[in-house]
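# A structural walkthrough
Each chain, letter by letter, is given below.
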Amino acid sequence: MTEAEELVVCESVAPGRREMWKRVAVVALALGLVATTVAASIRSAFRDEVVVMLFVDAEISNITTPAPRIDRNRILMTMNDVGGRWLASRVELL
């Protein structure tokens, strides 16, 4: 993840949770992680809140396992409209 990509991720996350995402990005760089959203669906939607399910394939490698493996993840993300911007307020790995 480049510094610009990290900034995009951090900007899309609610202010109180940005530090967590910065740490996740640093760990991802150290481990060799490439994540791709392969599908998404809306679980619920309201005027100022939406819950989406993301289907994410994560290609992971590290020093002890240089050959990448694929983890298939499901993630529930709650997003809220904050001043016209949709920000993540909760992320849950299923």
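Every chain begins its residue count from 1, and numbering advances along the sequence as written. Since the coordinates come from a predicted model, pLDDT governs what is reported: local features require at least 70, and pairs of side-chain atoms require 80 or more to be given and counted, while whole-chain, interface and lining totals use all residues. Based on all heavy atoms of the structure, the side-chain values leave hydrogens and waters out of the count.

Note on exposure labels: buried denotes an accessible area under 20% of the residue type's maximum, exposed denotes more than 50%, and partly exposed covers the range between, all computed with a 1.4 Å probe on protein chains only. Per the convention used, a helix needs a DSSP run of H or I reaching at least four residues, while a strand needs a run of E reaching at least two, with both numbered from the N terminus. Counting buried positions along strand 1 (residues 33–45) gives zero out of 13 residues, so the element sits mostly on the surface. Bridge count for strand 1 against strand 2 (residues 49–60) is 11 bridges, and the pairing is antiparallel. Bridge pairing in strand 2 links Ala40 to Leu54. Criterion used throughout: strands pair if DSSP finds at least two bridges between them. Two successive antiparallel strands, strand 1 and strand 2, enclose a turn made up of three residues.

Another aspect to go through is the side chain of Thr78. Relative to the elements of secondary structure, Thr78 occurs in strand 3 (residues 69–82). A residue is classified by how much of its surface remains accessible, and Thr78, at 13% relative accessible area, is buried. With residues near it in sequence (within four places) discarded, Thr78 still touches Glu49, Val50, Val51, Leu87, Ala88, Ser89 and Arg90. We call two residues in contact whenever any of their non-hydrogen atoms come within 4.5 Å of each other.

Bringing the confidence of the model for the protein into the picture now. Predictor confidence is given residue by residue as pLDDT, running from a minimum of 0 to a maximum of 100. On average, residues of the protein score 75 in pLDDT, and 65% of them are at 70 or above. The low-confidence segment residues 1–11 (pLDDT under 50) makes 13 contacts with residues lying over four places distant or belonging to another chain.

When a carboxyl oxygen of Asp or Glu is within 4 Å of a side-chain nitrogen of Lys or Arg, the pair counts as a salt bridge. Enumeration over the complete set of coordinates arrives at three salt bridges. Between Asp71 and Arg69 there is a salt bridge, and its shortest N-O distance comes to 3.1 Å. Take Asp71: its relative accessible area is 24%, and that puts it in the partly exposed class. For Arg69, a relative accessible area of 42% puts it in the partly exposed group. In this structure, Arg90 engages Glu92 in a salt bridge whose closest nitrogen and oxygen atoms are separated by 3.5 Å.

In this sheet, strand 4 (residues 85–93) lies alongside strand 3 in antiparallel orientation, the contact comprising eight bridges. From the neighbouring strand, Asn80 faces strand 4, where its bridge partner is Leu87. Once strand 3 ends, the chain turns through two residues before running back antiparallel as strand 4, passing Gly83 with a positive phi of about 60°.

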